[in-house]
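Report on the structure
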Amino acid sequence: MKIIVLTKRVPDTGTPIKVKGDGSGLDLSSIPFVMNPYDEYALEAALKVKEKKGEGEIVLLAVGNDEYKETIRHGLAMGADRAKLIKVENPFVLDAIQVANLLLEEIKKEEPDAVFCGKKAVDDERSYVHAFIAQKMNYSYLYGAVNIDFGDDKLKIMKETERGLATFEVPFPCLISFDKCQFEARYPSLRGIMAAKKKPLEELEVQNIPENRVVSIKFEPPPPKKPGKIIDLPFPDNVKELVRLLKEEAKVL
Amino acid sequence: MIAIYMEHKNGKLKKHSLELLTFAKNAFEGEITAFSVGKEVNYQESFNYGADHFVLLFTENENIHEEGIANAIKSFVKRKEFKIFIFPASNTGRDIAARVSAFLDLPLLQDIVEFKKENDNLLFKRPIVAGKAYVWEKINTERFAISVRPNVFPPEENKKEGKFEKIDVSIEEKIKLIDIKEKEEGEIDVAEAEIIVSGGRGVGGPDGFKPLKELAKVLGAAVGASRAAVDAGWIDHSHQVGQTGKTVSPKLYIACGISGALQHLAGMRTSKVIVAINKDPNAQIFEIADYGIVSDLFEIVPALTEEIKKLKGDT
Ligand SMILES: Cc1cc2nc3c(=O)[nH]c(=O)nc-3n(C[C@H](O)[C@H](O)[C@H](O)COP(=O)(O)OP(=O)(O)OC[C@H]3O[C@@H](n4cnc5c(N)ncnc54)[C@H](O)[C@@H]3O)c2cc1C
Ligand SMILES: Nc1ncnc2c1ncn2[C@@H]1O[C@H](COP(=O)(O)O)[C@@H](O)[C@H]1O
């Protein structure tokens, strides 16, 4: 069984990220970068399937620059077997379809049983790359998995739906994008980190990329929030005042 | 022509889908065709909000996987006259938007919150990096797709004499539903709610959500939660708001016993009015709250429920 896991490198969104003064982009100079957290769940899920099956190969695939190698080593240290990095100088200027097309070329060559990835990249939040790949590969596609079970050569995937928590059987070949899961992604062990140094990381050059269809024009910080009111009255007047304000001032009741 | 995908629940068009009609009228020119997949839909409502056509992609199949829905849509959306495709940026709406856009090979922008015209260009704004920034983007092609964030563009009535069309479709899906744990009857989804009462570690345990649920009931609100409450197992993940939960923009968000971590704010900072109830005057949540009460939630929340009952009784 071969599973490709898409791995994007993203700024850690748990840290305060600011927009550059001229609106030309984000100021990421002192922000730590991590593997996209949803991709980490995808990799953990792939490792679980491989362990359950008792055999298999997990291949990391990314479109990125030299810095991506650090992220990929992290994935290899978690337990992936090998990696392919499609090298582009500036991954930030590519639109979702450009990225998806680059990934597609390698996916076609690898002919995996499944592709696992995140439901979105937490930096640019396009949430499109997965569906585009699934469509072009004609794979069954499930968006937003929260748990996975593998048995009798079948994938059972859990997902939150409008009606409730549902379990689906998804046939191979398939693409699964992962939401925040009911399990945690493992930390690389020291042995894993050592082993990762020797695992193959293939770097691929790109010849030409078709033109952008989406262009980022300007970045903005969130609108400033006007200072709020602390209702500093004794109980139960504070509650009465809150209800009055919600009704008369904010007009939301 | 503009094609708008509308979600419905038991045949009733959802409010976030009606919002798209108003959005489309303000942003673009051209006739609007609204469409849904299902057995019966109260399509007249779409004509009240500005649809010129409504197409029901008819199926008896009460299927719930998006693969089937997207497949049912595919042959219809191939119609050449459609230039712009709009979807609600709900959880399923985003999923379907991505599938349909990929099928049509169209650029897609998800979760639009604003638009503007600038030198003949249409620019769209959407949140990135967990709500810490926004980006304005331009699409270079004439045909494209977008999904629009719920609760951002209020629907305005715009009565039309719309035309109704029904097309039979078959649902094809390789993915099979094998089990479902149905939600409680009447439970409102946080992603769509207009009011959310949310609880964090401060509620202290599963029973601590009881007063919040009562408040939610009198308000017609959904119950939300912080990750701390979800991870503790007090409430399930479908209620989680934040970076790894749902992104919401209700008109009123009441945060009870939630400290206001960045990852939580990421999911709710665009709420129109935020109320914080927290014992700690230094809790970060007060920095973004419009109204705050520094006190014990177990005192405040039940009293608030009673006050609101009185208010609703009066009017
Ligand atoms: C990658 C990542 C993703 C994350 N994603 C999310 C996410 O999606 N959503 C999310 O919420 N968090 C998320 N978190 C976790 C987040 O960092 C915080 O840990 C979490 O939001 C804290 O939850 P809390 O406010 O309920 O708990 P706490 O921070 O413990 O706050 C509890 C608050 O309750 C108050 N309190 C206690 N008792 C009472 C009482 N009786 N009455 C009134 N107030 C009381 C306290 O003063 C305190 O302010 C994420 C973290 C990481 C690292
Ligand atoms: N440059 C990239 N390299 C590898 N995988 C990517 C890249 N961009 C996006 N992806 C994958 O596609 C998923 C959805 O990304 P997006 O559509 O950009 O939100 C991510 O969770 C990744 O798994």
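**Some words on the overall build of chain A**
- For chain A, the helix and strand inventory stands at six helices and 15 strands.
- Dimensions along the principal axes, computed over C-alpha positions, put chain A at roughly 65 × 45 × 40 Å.
- Here chain A holds 253 residues, and the buried ones make up 53% of them.
- For chain A, the exposed surface amounts to about 11500 Å²; the carbon and sulfur share of it is 51%.
- For chain A, the distance from the average site of its 39 positive side-chain charges to the average site of its 41 negative ones is 2 Å.

**Observations regarding the site of ligand 2**
Residues and elements named next belong to chain A.
- If you check the shell around ligand 2, you find 20 residues, and the closest are Asp 39, Val 63, Ala 121, Ser 127 and Tyr 128.
- Measuring from an oxygen atom of ligand 2, one finds a side-chain N or O atom of Asn 36 at 3.0 Å.
- Contact between ligand 2 and Asp 39: an oxygen atom at 2.6 Å from a side-chain N or O atom of the residue.
- Burial of ligand 2 by the surrounding chains reaches 98%, relative to a free accessible area of 480 Å².
- Put simply, the parts of the chain that give the shell around ligand 2 at least two residues each are strand 6 (57–64), strand 8 (114–118) and helix 4 (129–137).
- For the shell around ligand 2, the element with the highest residue contribution is strand 6, accounting for three residues.
- When the residues that make up the shell around ligand 2 are grouped by side-chain class, the tally is 10 nonpolar, five polar and five charged.

**Some thoughts on the side chain of Asp179(A)**
- In this structure, Asp179(A) sits in the loop between strand 12 (174–178) and helix 5 (190–198).
- Sequence-distant contacts of Asp179(A), that is, excluding residues within four places in its chain, are made with Tyr38(A), Tyr41(A), Lys119(A), Gly144(A), Ala145(A), Val146(A) and Thr244(B).

**A few points about the domain arrangement of chain B**
Residues and elements named next belong to chain B.
- As far as domains go, chain B holds domain 1 (2–168) and domain 2 (195–312).
- For domain 1 and domain 2, the distance between their C-alpha centroids amounts to 31 Å.
- Each partner contributes residues to the interface: domain 1 has eight residues there, and domain 2 has 10 residues.
- Overall, the association of domain 1 and domain 2 removes approximately 670 Å² of surface from exposure, summing both partners, and the carbon and sulfur fraction of that is 48%.
- Area buried by domain 1 at its contact with domain 2 is led by Ala 130, Arg 149 and Asn 151, which between them contribute 56% of it.
- Counting across the domain 1 and domain 2 interface gives zero salt bridges.
- Summed over the shared surface of domain 1 and domain 2, the number is three residue pairs in polar contact (both at pLDDT 80 or more).
- Residue composition of the side of domain 1 that touches domain 2, by class: three nonpolar, three polar and two charged.

**Some words on helix 4 of chain A**
- Those residues of helix 4 of chain A lying buried are His130(A), Ala131(A), Phe132(A), Ile133(A), Ala134(A) and Met137(A).
- In the core, the buried residues of helix 4 of chain A are packed alongside strand 1 (2–6), helix 3 (96–110), strand 8, strand 9 (140–151) and strand 12 of chain A together with helix 4 (91–104) of chain B.
- A positive backbone phi angle near 55 degrees is found at Asn138(A), which sits one or two residues after helix 4 of chain A.

**With respect to the domain arrangement of chain A**
- Domain parsing of chain A yields domain 1 (2–205) and domain 2 (224–253).
- The straight-line distance from the C-alpha centre of domain 1 of chain A to that of domain 2 of chain A is 45 Å.

**A look at helix 2 (residues 68–78) of chain A**
- For helix 2 of chain A, the complete set of buried residues consists of Tyr68(A), Thr71(A), Ile72(A), Gly75(A), Leu76(A), Ala77(A) and Met78(A).
- Looking one or two residues past helix 2 of chain A, Gly79(A) carries a phi angle of roughly 140 degrees, positive in sign.

**Considerations on the interface of chain B and chain A**
- Counting from both sides, the interface comprises 86 residues of chain B and, opposite them, 77 residues of chain A.
- The contact between chain B and chain A buries some 7300 Å² in all, and 57% of this surface belongs to carbon and sulfur atoms.
- If you sort the residues of chain B by the area they bury against chain A, Val129(B), Lys132(B) and Tyr291(B) come out on top, with a joint share of 9%.
- The tally of links from chain B across to chain A stands at eight salt bridges.
- With its nearest N and O atoms 3.9 Å apart, the salt bridge here joins Glu66(B) to Lys159(A).
- Inspection of the region where chain B meets chain A yields 37 residue pairs in polar contact (both at pLDDT 80 or more).
- Broken down by element, the residue count for the side of chain B that touches chain A peaks at nine residues, all from helix 4 of chain B.
- The residue makeup of the side of chain B that touches chain A, split by class, is 40 nonpolar, 16 polar and 30 charged.
- Pairing geometry for strand 15 (residues 229–230) of chain A and strand 18 (residues 291–294) of chain B, over two bridges, is parallel. Counted as the bridge partner of Lys229(A) is Tyr291(B) from strand 18 of chain B.

**Topic: the environment of Asp236(B)**
Residue and element names in this part refer to chain B.
- One can find Asp 236 in the loop between helix 6 (227–231) and strand 16 (252–256).
- Residue Asp 236 is classed as partly exposed on the basis of its relative accessible area, which comes to 42%.
- Considered as a pair, Asp 236 and Ala 225 are 11 residues apart in the sequence and their alpha carbons are 8.8 Å apart.
- A distance of 2.5 Å separates the side chain of Asp 236 from the side chain of Ser 238, its partner in a polar contact.

**Considering the sheet that holds strand 10 (residues 133–139) of chain B**
- The sheet built from four strands is open, its strands ordered 14(A)-10(B)-9(B)-8(B) with antiparallel pairing. Edge strands, defined here as strands with exactly one partner in the open sheet, are strand 14 (214–220) of chain A together with strand 8 (114–118) of chain B. Each strand of the sheet is rotated relative to its neighbour by a mean of 30 degrees, with strand direction disregarded.
- By the bridge criterion, six bridges tie strand 14 of chain A to strand 10 of chain B in an arrangement that is antiparallel. Bridge pairing in strand 10 of chain B places Glu220(A) opposite Tyr134(B).
- Sheet contacts for helix 1 (residues 15–27) of chain B: strand 8 and strand 9 (121–128) of chain B; angle to strand 8 of chain B, the most-contacted strand, approximately 10 degrees.

Rules of the game
- Residues numbered from 1 in each chain as written.
- Chains lettered and ligands numbered in written order.
- Predicted model: local features only at pLDDT ≥ 70, side-chain atom pairs only at ≥ 80, totals over all residues.
- Heavy atoms only, no water.
- Helix = DSSP H or I, 4+ residues; strand = E, 2+ residues; numbered from the N terminus.
- Buried < 20%, exposed > 50% of the residue type's maximum accessible area, 1.4 Å probe, protein only.
- Areas by Shrake-Rupley, 256 points an atom, 1.4 Å probe, with all protein chains shown as cover.
- Lys, Arg positive; Asp, Glu negative; His and termini not counted.
- Charge placed at Lys NZ, Arg CZ, Asp CG, Glu CD.
- Near = heavy atom within 4 Å.
- Polar contact = N/O pair within 3.5 Å; in protein donor to acceptor, adjacent residues only side chain to side chain.
- Nonpolar A, V, L, I, M, F, W, Y, C, P; charged D, E, K, R; others polar.
- Contact = heavy atoms within 4.5 Å.
- Domains from an automatic or database assignment.
- Buried area = accessible area lost by both parts, 1.4 Å probe.
- Salt bridge = Lys/Arg side-chain N within 4 Å of Asp/Glu carboxyl O.
- Pairing = 2+ DSSP bridges.
- Axes fitted to C-alpha atoms, helices over the stretch in contact; angles between N-to-C directions.

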